[in-house]
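What follows is each chain in one-letter form.
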Amino acid sequence: DTGVSQDPRHKITKRGQNVTFRCDPISEHNRLYWYRQTLGQGPEFLTYFQNEAQLEKSRLLSDRFSAERPKGSFSTLEIQRTEQGDSAMYLCASSLLEESQYFGAGTRLSVL
Amino acid sequence: AQSVTQLGSHVSVSEGALVLLRCNYSSSVPPYLFWYVQYPNQGLQLLLKYTSAATLVKGINGFEAEFKKSETSFHLTKPSAHMSDAAEYFCAVRGSGAGSYQLTFGKGTKLSVIP
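The shown structure was predicted, so the numbers you read here are calculated from the model rather than taken from an experiment. (Residues numbered from 1 in each chain as written. Chains lettered and ligands numbered in written order. Predicted model: local features only at pLDDT ≥ 70, side-chain atom pairs only at ≥ 80, totals over all residues. Heavy atoms only, no water.)

S.K.: I'm lost on the overall build of chain A in this one. Help?
M.R.: Counting secondary structure elements, chain A contains 0 helices and 11 strands. Reading chain A from its N end, one meets helices and strands in the order β-β-β-β-β-β-β-β-β-β-β. Referenced to the eigenvectors of the C-alpha coordinate spread, the extents of chain A come out at roughly 35 × 25 × 25 Å. Counting every position in chain A, which comprises 112 residues, the buried fraction comes to 46%. In chain A, of all internal contacts separated by at least 6 residues, the share reaching a separation of at least 24 is 52%. Accessible surface, chain A as shown: approximately 5,700 Å² in total, 44% of it carbon and sulfur. Of the charged side chains in chain A, 14 are positive and 14 negative, and the gap between their average positions amounts to 8 Å. (Helix = DSSP H or I, 4+ residues; strand = E, 2+ residues; numbered from the N terminus. Buried < 20%, exposed > 50% of the residue type's maximum accessible area, 1.4 Å probe, protein only. Contact = heavy atoms within 4.5 Å. Areas by Shrake-Rupley, 256 points an atom, 1.4 Å probe, with all protein chains shown as cover. Lys, Arg positive; Asp, Glu negative; His and termini not counted. Charge placed at Lys NZ, Arg CZ, Asp CG, Glu CD.)

Structure follows, in structure tokens:
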């Protein structure tokens, strides 16, 4: 068990470009969560999956954001037409049902 | 609805001194409470959690926290600070009911340890 893995660790993009991040959860975990963390703040919930079903989306998740978890394994988070305000650390976590959430190292996005 | 308030965005202690990081919560249901630590450019590591068993919870790296319902607090302590404890600490709350899933975090407290 290697923990939650996120790729890439860093992403620099120009405003208006699309970006996609990947998260590989701990293998036996059926829940997967995405959070966003901006400078000086704690992580804020974006969305979560139980197996392949996306069960909740925060109001922070605008129409430009989409997340998938095909086959209930890895997940991707795509941001279309990036804006400077999207610059943040995107954190993925996984858990076994309502057990503790374990976090990956995050993907730091910088939008120029 | 749940919320967390962490008092003090920055705490400095001398090496070997007591560490006390404060967390107060608000929850409409019996809460589950967590402390996470974040080192620079890394994700969050779970230090400890309260899930309605013992009110005094022991975690990793010598940290512990006490759940006080009357004070709606879950402060994190460590008897003797080590240089390696310098990091940012986040308190988080989650509802204990069925369907509870998302963590609500405080804004974090950055701990500096002075040699």
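S.K.: What is the right way to read the state of the cysteines from this model?
M.R.: In protein structure, a disulfide is the covalent linkage between the sulfur atoms of two cysteines. Counted under the stated rule, the structure contains 2 disulfides over all chains. Across a sulfur-sulfur distance of 1.9 Å, A:Cys23 and A:Cys92 are joined as a disulfide pair. A torsion of -70 degrees about the S-S bond marks the disulfide between A:Cys23 and A:Cys92 as left-handed. In this pair, A:Cys23 is assigned in strand E3 (residues 19–24) and A:Cys92 in strand E9 (residues 88–95), connecting sequence segments 69 residues apart. Judged by relative accessible area, which is 0%, A:Cys23 ranks as buried. For B:Cys23, the disulfide goes to B:Cys91, at an S-S distance of 2.0 Å. Taking the sign of the S-S torsion, about -65 degrees here, the bridge from B:Cys23 to B:Cys91 comes out left-handed. Here the residue B:Cys23 occupies a position in strand E3 (residues 19–27), and B:Cys91 occupies one in strand E9 (residues 87–95), the gap between them amounting to 68 residues. (Disulfide = S-S within 2.5 Å.)

S.K.: I would appreciate a short explanation of the sheet that holds strand E7 (residues 65–68) of chain A in the present structure.
M.R.: Strand pairing in a sheet relies on backbone hydrogen bonds. The paired strands run either parallel or antiparallel. Residue and element names in this part refer to chain A. Taken in spatial order, the 4 strands of this open sheet run E1-E3-E8-E7, and their pairing is antiparallel. Of all strands in the sheet, those bounded by a partner on one side alone are strand E1 (5–7) and E7. Averaged over neighbouring strand pairs, the angle between their axes works out to 15 degrees when direction is ignored. Of the strand pairs in this sheet, E3 and strand E8 (residues 75–79) are connected by 5 bridges, and their pairing is antiparallel. Looking across to E8, one finds that arginine 22 is bridged to threonine 76. (Pairing = 2+ DSSP bridges. Axes fitted to C-alpha atoms, helices over the stretch in contact; angles between N-to-C directions.)

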